[in-house]
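A look at the structure
What follows is each chain in one-letter form.
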Amino acid sequence: MSASQTTDVPTLLVKIFGKDRPGITAGLFDTLAAYSVDVVDIEQVVTRGRIVLCALVTEPPEGLEGGLRATVHSWAESMKMQAEIISGMGDNRPRGLGRSLVTVLGHPLTAEATAAIASRITRAGGNIDRIFRLAKYPVTAVEFAVSGVETEPLRTALVTDAARLGVDVAVVGAGLYRRAQRLVVMDVDSTLIQDEVIELFAAHAGCEGEVAEVTAAAMRGELDFEQSLHARVALLEGLDASVVDKVRSEVRLTPGARTLIRTLKRLGYQVGVVSGGFTQVTDDLKERLGLDFAQANTLEIVDGKLTGKVTGEIVDRAGKARLLRRFAAEAGVPLSQTVAIGDGANDLDMLNAAGLGVAFNAKPVVREAAHTAVSFPFLDTVLYLLGVTREEVEAADTLDVG
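By the naming in an unreviewed UniProt entry, the protein goes by phosphoserine phosphatase and is assigned to Streptomyces pimonensis. Under Pathway (unreviewed entry), UniProt gives the following word-for-word description of the protein: "Amino-acid biosynthesis; L-serine biosynthesis; L-serine from 3-phospho-D-glycerate: step 3/3." Its UniProt record gives the protein a comment under Sequence similarities (unreviewed entry), which states: "Belongs to the HAD-like hydrolase superfamily. SerB family."

Counting residues in each nonpolar core, the largest one holds 63 residues, and the members touching the most others are Met186, Leu192, Phe201, Phe278, Leu285, Ile341 and Leu379. Per element, the largest residue contribution to this core is five residues, and it comes from helix α5 (residues 197-205). Setting aside its immediate chain neighbours within four residues, Leu379 contacts Met186, Thr191, Leu192, Thr254, Pro255, Gly256, Ala257, Leu260, Ile341 and Phe360. Formed by 22 residues, the second largest nonpolar core is a distinct cluster that contains Val315, Ala331, Leu348 and Ala353.

This part covers the pattern of salt bridges. This structure, assessed with the given rule, holds 20 salt bridges. Note that Glu313 is salt-bridged to Arg326, the shortest N-O span being 3.5 Å. Here Arg326 lies in helix α11 (residues 317-331) and Glu313 lies in the loop between β12 (305-311) and α11, a separation of 13 residues in the sequence. Classification of Arg326 as partly exposed rests on a relative accessible area of 34%.

Pairing is antiparallel across the open sheet formed by four strands, whose spatial order is β6-β7-β5-β8. The sheet is open, and its two edges are formed by β6 (127-135) and β8 (167-173), each paired on a single side. When the angles between neighbouring strand axes are averaged without regard to direction, this sheet yields 20 degrees. Two elements, strand β5 (residues 99-106) and β8, share seven bridges in a ladder whose sense is antiparallel. Pairing of Val104 across the sheet is with Val169, part of β8. Running over the sheet, helix α3 (residues 111-123) touches β5, β6, β7 (140-147) and β8 and is turned about 15 degrees from β7. Packed on one face of the sheet, helix α4 (residues 151-165) meets β5, β7 and β8 and runs near 170 degrees to β8.

So, on to the sheet that holds strand β13 (residues 338-342). Taken in spatial order, the seven strands line up as β12-β11-β10-β9-β13-β14-β15 in an open sheet, and their pairing is mixed. In this open sheet, the two edge strands, each paired with only one partner strand, are β12 and β15 (372-374). Ignoring strand direction, the axes of neighbouring strands in this sheet form an average angle of 25 degrees. Direction of pairing for β13 relative to strand β14 (residues 356-360): parallel, over a ladder of four bridges.

As for its position among the elements, Thr263 is in helix α9 (residues 257-266). Within polar-contact distance, the side chain of Thr263 engages the backbone oxygen of Thr259 at 2.8 Å.

Right, let's talk about the packing of α3 against α4 for a bit. For any two helices packed against each other, the geometry comes down to the angle between their axes and how far apart the axes lie. At a minimum axis distance of 10 Å, the contact between α3 and α4 shows a crossing angle of 160 degrees. With respect to α4, the axis of α3 lies roughly antiparallel. Considering the relative orientation of α3 and α4, their crossing is right-handed. Where α3 approaches α4, its residues Ala113, Ala116, Ile117, Arg120 and Ile121 are matched on the opposing element by Leu154, Ala157, Leu158, Asp161 and Leu165. When grouped by side-chain class, the residues that make up the contact of α3 with α4 number eight nonpolar, no polar and two charged.

The rules behind each value
Residues numbered from 1 in each chain as written. Predicted model: local features only at pLDDT ≥ 70, side-chain atom pairs only at ≥ 80, totals over all residues. Heavy atoms only, no water. UniProt positions renumbered as here; feature names shortened; annotations may be inferred. Core = buried A, V, L, I, M, F, W, Y, C linked by side-chain atoms within 4.5 Å. Buried < 20%, exposed > 50% of the residue type's maximum accessible area, 1.4 Å probe, protein only. Helix = DSSP H or I, 4+ residues; strand = E, 2+ residues; numbered from the N terminus. Contact = heavy atoms within 4.5 Å. Salt bridge = Lys/Arg side-chain N within 4 Å of Asp/Glu carboxyl O. Pairing = 2+ DSSP bridges. Axes fitted to C-alpha atoms, helices over the stretch in contact; angles between N-to-C directions. Polar contact = N/O pair within 3.5 Å; in protein donor to acceptor, adjacent residues only side chain to side chain. Parallel < 35°, antiparallel > 145°, perpendicular 65-115°, else oblique. Left-handed = near helix turned anticlockwise from the far one by under 90°. Nonpolar A, V, L, I, M, F, W, Y, C, P; charged D, E, K, R; others polar.

Take a look at the structure:
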């Protein structure tokens with residue numbers, strides 16, 4: 001009888017647990033093979049050198065179940081393991097409609113937070129089908145496969161509690177798209193890099209304090225971005241254009257930035273940046289990091305001097321969302337398959353337009369409005385929200401971006 005015909009037929013759940021070693025899985029199924037059973041389902045988990053192996057199989061032909069049970073127990077004992085065999089009917093209970101993947105990041109991930117997340121999933125009407133660890137450093141990242149509740153209400157229920165619990169939570173719909181080619185678009189200042197580029201320019205012009213004050217107000221959403229941009233750039237009038245190279249050399253990438261981009265590129269993703277800063281820096285970052293897209297404002301330079309003006313299309317809050325859509329169209333990626341990462345109020349339209357908007361070490365107004373938030377200072381932790389494991393990250397670290 002084939003495994004596909006096991007809906008209403010007797011089945012056996014064979015559980016093996018003990019110290020892990022090579023050959024256990026092969027040994028169990030060699031033992032079962034003598035009894036002409038079909039495999040309905042298999043699950044295996046290894047934690048700190050201890051294995052739990054579960055095999056759901058069809059009941060053997062009449063008169064052979066006693067022999068199967070005795071042989072499995074004898075084999076398990078010879079392997080210094082324990083066995084449990086449970087009779088039942090049919091396959092596993094079907095998973096409920098509505099399937100999501102819940103990624104939880106903690107440093108540390110406490111039992112209290114884990115209990116609260118699991119309880120919140122249950123109260124939202126979801127069932128936890130599987131739990132898998134994605135990473136153990138620099139943060140602990142685990143992924144819950146949840147069924148029985150739609151993604152949006154589950155996201156609303158969990159993200160609300162995340163900050164209080166000291167963890168970051170991302171909720172995305174499960175499905176083939178999780179590993180499909182995607183587009184990731186990042187803000188630059190205080191996201192891809194640790195600096196605010198205009199403040200680096202301002203330091204050379206001797207007006208850093210004035211510019212920083214206006215920048216902070218704009219990021220909090222207290223000022224219109226375009227007006228604040230013109231006001232800040234005007235303070236740079238007369239600065240020698242040679243300062244551009246100095247600023248480029250002063251830019252500090254956020255920890256994990258290279259790893260994030262290298263891993264994404266290896267997985268076939270396309271990566272871009274949009275910035276309220278300046279092309280004089282983003283064009284250099286595009287070349288250095290192998291980015292697919294880059295767009296920012298452009299400082300006007302005449303006769304080797306900054307004029308205190310910008311030229312061309314202004315990249316502001318609405319402009320970032322518009323560019324996300326443009327990049328997606330050029331990349332041939334549906335908007336639902338895009339990921340946007342940013343930290344400021346002028347990133348909000350972009351974060352909300354993307355399939356997944358990630359607030360990275362963001363201001364409170366941004367954390368509250370984004371799909372999810374990352375509060376750890378490592379940009380590569382965003383990879384865990386995409387289901388990428390630490391082992392895959394480390395493998396990408398050994399390769400060059402193509």
